[in-house]
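# Topology and contacts: notes
Residue strings, one per chain:
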Amino acid sequence: MGFLSSSRQFLSGTRKDSKSKPPCLLSIRSSTTLIVLTVNLAIFTDIFYYALIVPVIPFSLTVQVGIPEDQVQHWTSILLACYSVALFVGSPLAGIYADHTSSRRWPLLIGLVALATSTLLLCFGNSIGLLVLGRLLQGFSAAIVWSVGCALLVDTMDSAVGVAMGYVGISMSVGLLIAPVIGGAVYSAVGYYPVYYIAFGVVAVDILLRLFMIEKKVARQWIDEDQCTRPTEMEANQVDVEAATSSAAPGHASPIGANDIRASTPAPILTDGDQAQQDNSEEKRVEAIDNTGQNSTNPVKQTSTSGRCKALLKSPRLLAALYGLFSQAGIMMGFDATLALFVQTTFGWNSTAAGILFLALFVPGFLSPLVGWLSDRYGAKWPSFFGFCLCIPLLVCLRFVTESSVQHKILLGFLLALLGIALAFANVPLMAEITYVIEETEAAEPGIFGEKGVYGLGYGLFTMAFALGGVVGPLWGGYVVASAGWGTMTWSFALWAASGAAVIGIWLGGQVTRPDGTAAGQQEGGDINQ
């Protein structure tokens, strides 16, 4: 029993008793930097693994399973669809489970088991049933990573949610950029199994970080009150949820209670000689502690899962954000399915040259943290609206790329680079908007989402919308290109982007308003980390 109890404490992070010693390297393992790194590596692993094995799926079907050549395309499509179906169905379930557990680490470790099992099945599976099961487990693992991982970033990054989602955008871009190139090159050079050896290595690093990481709300079990309320100078430059008293709501690492999410502002960066700003910070901290005592007397509503879901889905802002995410994902994934074939037939390029062209589309994703910073400061509406509006003329102009000439090749690369920037502006603010909507609803009706909140469910819905776009976009693009040509596909995508711009412009929220009534851009010092 002693071993089982110790194992459960290690996996969940729950303190065994008052005499339990804190975990080794607690301050490092619960630091903002390590948590953000762990979540983004988990997302990178999911994207990397998904894109890495795409080039070798036809080989596994013919050689490992023995599928006839004329059925390879059929089963390849089924295997790709299995991932999307599992991602679509599993995302809200994973989010709901994450909101009900005492620690988000549990579902992340469950996802890790699913990912490891999926890797083994896809590598060594010798029947179509095993490959289908492997893809389903891969999609289920991705659902957990995206839903729970984004919720954990919200718990950790507090008021810098947009910046956190910007880091997620970078993880996606890097995975989509390097995985197909590595997978195709390794398979061509040394064969089938070494491709999966690379996946095993990335998964191993992911395992180590997920086991090493400790959530901030779990770490507070061993941190004295003085340490919680007096962050070091280094930590003052980061959003630190440890600056709270132990009465913070367990569902969200906030310095206040459940009905005042992010209401108080953590201490700003102190500089030598700035005593007035320090005194002002101390006054805010005392006021926050007083508010904690007041809020703890307010009862938390006992709402069911369906009630919380209905309350969340009643928000027009949330529905607008989900539609925008669906549209952005559909446009991006539509190009994934059609661009390589277009440059092959138009320019006569091989797969390597087509892969290099994708750099123009995905490299602008490195601007995502900057876009997230703008969202935290000015709200999600106008950055996202700008992104969708910019997509419209770019998508229309892509229809003018029609011949194999230097001018048309340069035009294609230039338009794709601008389109990558536009998609980054369209996507990242909407990911942060999920948090903004939840906080606004909670501030308007305290306790409506219960004690533990609905961040897992919110980002589960985000993942559902993204997965649906990933299914519709390639089907739409492939069908239109095959029946009406490249030019028709691009202007039809422009109409899709226009519908997204209209929805965002009408229903999405404006400037981010904190629960205390102040706007994000009006925070003292203008720092998003305040």
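About the cut-offs
Residues numbered from 1 in each chain as written. Predicted model: local features only at pLDDT ≥ 70, side-chain atom pairs only at ≥ 80, totals over all residues. Heavy atoms only, no water. Helix = DSSP H or I, 4+ residues; strand = E, 2+ residues; numbered from the N terminus. Buried < 20%, exposed > 50% of the residue type's maximum accessible area, 1.4 Å probe, protein only. Areas by Shrake-Rupley, 256 points an atom, 1.4 Å probe, with all protein chains shown as cover. Contact = heavy atoms within 4.5 Å. Salt bridge = Lys/Arg side-chain N within 4 Å of Asp/Glu carboxyl O. Axes fitted to C-alpha atoms, helices over the stretch in contact; angles between N-to-C directions. Parallel < 35°, antiparallel > 145°, perpendicular 65-115°, else oblique. Left-handed = near helix turned anticlockwise from the far one by under 90°. Nonpolar A, V, L, I, M, F, W, Y, C, P; charged D, E, K, R; others polar. Expected span 1.5 Å × (residues − 1). Phe/Tyr/Trp six-rings, centres within 6.5 Å; stacked < 30°, edge-to-face > 60°. Lys NZ or Arg CZ within 6 Å of the ring centre and 35° of its normal. Patch = residues over 30% accessible without salt bridge, like charges linked within 9 Å, V, L, I, M, F, W, Y side chains within 5 Å. Arc of directions from axis to C-beta. Core = buried A, V, L, I, M, F, W, Y, C linked by side-chain atoms within 4.5 Å. pLDDT = per-residue confidence, 0-100.

## Some thoughts on the overall build of the protein
In terms of helices and strands, the protein carries 20 helices and zero strands. Expressed as a percentage of its 530 residues, the buried residues of the protein come to 54%. Carbon together with sulfur atoms contributes 66% to the accessible area of the protein, which is approximately 21,800 Å² in total.

## Observations regarding the environment of Val 437
Tracing the chain through its elements places Val 437 in helix H18 (residues 406–444). For Val 437 and Leu 312, which are 125 residues apart along the polypeptide, the C-alpha to C-alpha distance reads 8.3 Å. Filtering out sequence-adjacent residues up to four positions away, Val 437 remains in contact with Ser 315, Arg 317 and Leu 318.

## Details of the pattern of salt bridges
Under the criterion given, the structure shown has five salt bridges. The partner of Arg 104 in a salt bridge is Asp 155, and the shortest N-O contact between them spans 2.5 Å. Pair noted here: Arg 104 is in the loop between helix H5 (72–100) and helix H6 (105–124) and Asp 155 is in helix H7 (residues 128–157), with a separation of 51 residues, a long-range link. Relative accessible area serves as the criterion here: at 2%, Arg 104 is assigned to the buried category. Take Asp 155: its relative accessible area is 5%, and that puts it in the buried class. One network of salt bridges, with partners in common, ties together Asp 99, Arg 104 and Asp 155.

## Topic: the packing of helix H16 (residues 368–378) against H18
Taken N-terminus to C-terminus, the directions of H16 and H18 make an angle of 45°; their axes are 9 Å apart at the nearest point. One finds that H16 runs oblique with respect to H18. Relative to H18, H16 is oriented so that their crossing is right-handed. Together, Ser 368, Val 371, Gly 372, Leu 374, Ser 375 and Asp 376 of H16 and Ala 424, Phe 425, Val 428, Pro 429 and Tyr 436 of H18 make up the contact between the two elements. Class assignment of the residues belonging to the contact of H16 with H18 gives a composition of seven nonpolar, three polar and one charged.

## Digging into helix H17 (residues 381–397)
The terminal C-alpha atoms of H17, which comprises 17 residues, lie 25 Å apart, in line with the 24 Å expected from a rise of 1.5 Å per residue. Taken as a whole, H17 has its buried residues at Lys 381, Pro 383, Ser 384, Gly 387, Phe 388, Cys 391, Leu 394 and Leu 395. In this fold, the buried residues of H17 make contact with helix H14 (316–347), H16, H18 and helix H20 (486–507).

## Here's the deal with the packing of aromatic side chains
In the structure shown here, the tally under the stated rule is 21 aromatic pairs. For the pair Tyr 192 and Tyr 196, a centre-to-centre distance of 5.3 Å together with 55° between the ring planes defines the contact as tilted. Of the residues examined, Tyr 196 reaches a relative accessible area of 2% and is grouped as buried. Put simply, the rings of Tyr 323, Phe 326, Phe 335, Phe 342, Phe 347, Trp 349, Trp 476, Trp 486, Phe 493 and Trp 496 pair up and form one aromatic cluster. Positioned above the aromatic ring of Phe 212 is the side chain of Arg 29, whose terminal nitrogen or guanidinium carbon lies 5.1 Å from the ring centre. For Lys 409, the ring lying beneath its charged end belongs to Phe 347, and the centroid distance is 5.7 Å.

## Remarks on a nonpolar patch on the surface
Together, Val 85, Phe 88, Val 89, Leu 93 and Leu 468 make up a nonpolar patch on the protein surface, roughly 420 Å² of accessible area in all. Ranked by residue count, the leading element in the nonpolar patch is H5, at four residues. With respect to the secondary-structure elements, Leu 93 resides in helix H5. Under the relative-accessibility criterion, Leu 93 is labelled exposed at 54%.

## Some words on helix H13 (residues 305–313)
Residues lying three or four places apart along an α-helix face the same way, a consequence of the helix completing one turn every 3.6 residues. For H13, the set of buried residues is Arg 308, Ala 311 and Leu 312. Looking down the long axis of H13, one finds its buried residues gathered within 100° of arc, a one-sided arrangement.

## Considerations on unusual backbone geometry
Notably, Leu 25 is not glycine yet its phi reads approximately 60°, a positive angle. Relative to the helices and strands, Leu 25 is located in the loop between helix H1 (2–12) and helix H2 (26–29). The exposure class of Leu 25 is partly exposed, given its relative accessible area of 46%.

## Let's talk about the nonpolar core
In this structure, Trp 146, Met 165, Phe 335, Leu 395, Leu 398, Leu 412 and Leu 419 are the most contacted members of the largest nonpolar core, which totals 102 residues. In terms of residue count, the dominant contributor to this core is H18 (16 residues). Every residue in contact with Leu 412, bar those within four places of it in the chain, is listed here: Phe 342, Val 343, Phe 347, Leu 357, Leu 398 and Val 401.

## Describing the packing of H6 against H7
The geometry of a pair of packed helices is captured by two quantities: the angle between their axes and the separation between those axes. Interaxial distance between H6 and H7 falls to 8 Å at its minimum, and their mutual angle equals 155°. Put simply, H6 runs roughly antiparallel to H7. Crossing geometry of H6 relative to H7 is assigned as left-handed. Residues of the contact of H6 with H7, tallied by class, amount to 15 nonpolar, seven polar and one charged.

## Observations concerning the confidence of the model for the protein
Summary statistics for the protein give a mean pLDDT of 78 and a share of 76% for residues scoring 70 or more. When pLDDT is averaged over each element of the protein, H17 comes out on top at 96 and helix H11 (residues 225–229) at the bottom at 42. Scored below 50 in pLDDT, residues 225–298 makes 114 contacts in the model with residues more than four places away or belonging to other chains. The low-confidence segment residues 521–530 (pLDDT under 50) makes 27 contacts with residues lying over four places distant or belonging to another chain.

## Notes on the environment of Tyr 83
For Tyr 83, the location among the structural elements is in helix H5. Expressed as a C-alpha distance, the spacing of Tyr 83 and Gly 139, which sit 56 residues apart in the sequence, is 4.4 Å. Those residues in contact with Tyr 83, other than ones at most four positions away along the chain, are Asp 46, Tyr 50, Arg 135, Gln 138, Gly 139 and Ala 142.

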